[in-house]
Amino acid sequence: MIEILIVFMINRKLIGARYFYEGYKASRNVSKNASFNSARDYEGHGTHTLSTAAGNFVDGVSVFGNGNGTASGASPKARVASYKVCWGDSICNDADILAAFEAAITDGVDVISLSLAGESPYKEYFNNTISIGTMHLSMA
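Residues numbered from 1 in each chain as written. Predicted model: local features only at pLDDT ≥ 70, side-chain atom pairs only at ≥ 80, totals over all residues. Heavy atoms only, no water.

1. Side note on the overall build of the protein chain
- Of the regular secondary structure elements, the protein chain holds five helices and four strands.
- Along the protein chain, helices and strands appear, N-terminal first, in the series α-β-α-α-β-β-β-α-α. (Helix = DSSP H or I, 4+ residues; strand = E, 2+ residues; numbered from the N terminus.)

Take a look at the structure:
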């Protein structure tokens with residue numbers, strides 16, 4: 001919680017971070033360990049996708065001296081909340097994904113950028129976690 005508070009006080013971009021691991025623990029029959037105690041992004045994937053969606057304006061950016069200018073994410077003035085559902089082996093458990101969708105609804109999130117590892121999202125809609133979660137969003 002202290003890490004989140006420090007980030008909030010620095011730039012007010014990240015306004016919340018939560019993590020969900022109960023489904024992962026149950027499906028893998030693993031006990032809770034230190035890597036489950038944080039919404040922190042240890043692999044960089046979430047940080048990368050979040051900056052693409054809502055990264056602040058950065059002046060003086062270039063690619064090897066070309067294209068000098070200002071860079072930003074698609075919505076640089078947006079504030080973000082992070083919901084971590086994938087763990088060390090890039091497994092994203094369905095129960096954890098749905099728990100995060102429900103938390104986002106409860107938290108009043110306006111837009112969700114969903115970037116997950118795991119199996120194909122082309123299952124039948126009534127079995128597809130992402131379809132179920134987004135249906136709940138549309139009904140909230």
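2. Topic: the packing of aromatic side chains
- Tallied over the full model, the rule gives three aromatic pairs.
- With 5.7 Å between their ring centres and 15 degrees between their planes, Tyr19 and Tyr21 make a pair best called stacked.
- Residue class for Tyr19 comes out partly exposed when judged on its relative accessible area of 30%.
- Under the relative-accessibility criterion, Tyr21 is labelled buried at 11%.
- Between Phe20 and Tyr83, the ring centres sit 6.4 Å apart and the planes meet at 20 degrees, which makes this aromatic pair stacked. In this pair, Phe20 sits in the loop between strand 1 (14–19) and helix 2 (22–28) while Tyr83 sits in strand 4 (residues 80–84), placing the two residues 63 residues apart along the sequence.
- Each member of the aromatic cluster is reached from another via a ring pair, and the members are Tyr19, Tyr21 and Trp87. (Phe/Tyr/Trp six-rings, centres within 6.5 Å; stacked < 30°, edge-to-face > 60°. Buried < 20%, exposed > 50% of the residue type's maximum accessible area, 1.4 Å probe, protein only.)

3. Re the side chain of Lys84
- As for its position among the elements, Lys84 is in strand 4.
- Within the structure, the side chain of Lys84 is placed 2.8 Å from the backbone oxygen of Arg40, a separation counted as a polar contact. (Polar contact = N/O pair within 3.5 Å; in protein donor to acceptor, adjacent residues only side chain to side chain.)

4. Looking at the confidence of the model for the protein chain
- The share of residues in the protein chain with pLDDT of 70 or more is 79%, and the mean pLDDT across the chain is 78.
- Mean pLDDT per element in the protein chain: helix 1 (residues 2–11) is the minimum at 44, and helix 4 (residues 94–107) is the maximum at 92. (pLDDT = per-residue confidence, 0-100.)

5. Some details on a nonpolar patch on the surface
- On the surface, Val109, Ile112, Leu114 and Leu116 cluster together into a nonpolar patch covering about 260 Å² of accessible area.
- In this structure, Leu114 sits in the loop between helix 4 and helix 5 (129–139).
- Look at Leu114 and you get partly exposed, because its relative accessible area is 39%. (Patch = residues over 30% accessible without salt bridge, like charges linked within 9 Å, V, L, I, M, F, W, Y side chains within 5 Å. Areas by Shrake-Rupley, 256 points an atom, 1.4 Å probe, with all protein chains shown as cover. Salt bridge = Lys/Arg side-chain N within 4 Å of Asp/Glu carboxyl O.)

6. With respect to the side chain of Asp96
- As for its placement among the helices and strands, Asp96 is situated in helix 4.
- Its relative accessible area of 2% is what places Asp96 among the buried residues.
- A polar side-chain atom of Asp96 sits 2.8 Å from the main-chain amide nitrogen of Gly23.
- Polar side-chain contacts of Asp96 include one of 3.0 Å to the backbone nitrogen of Tyr24.

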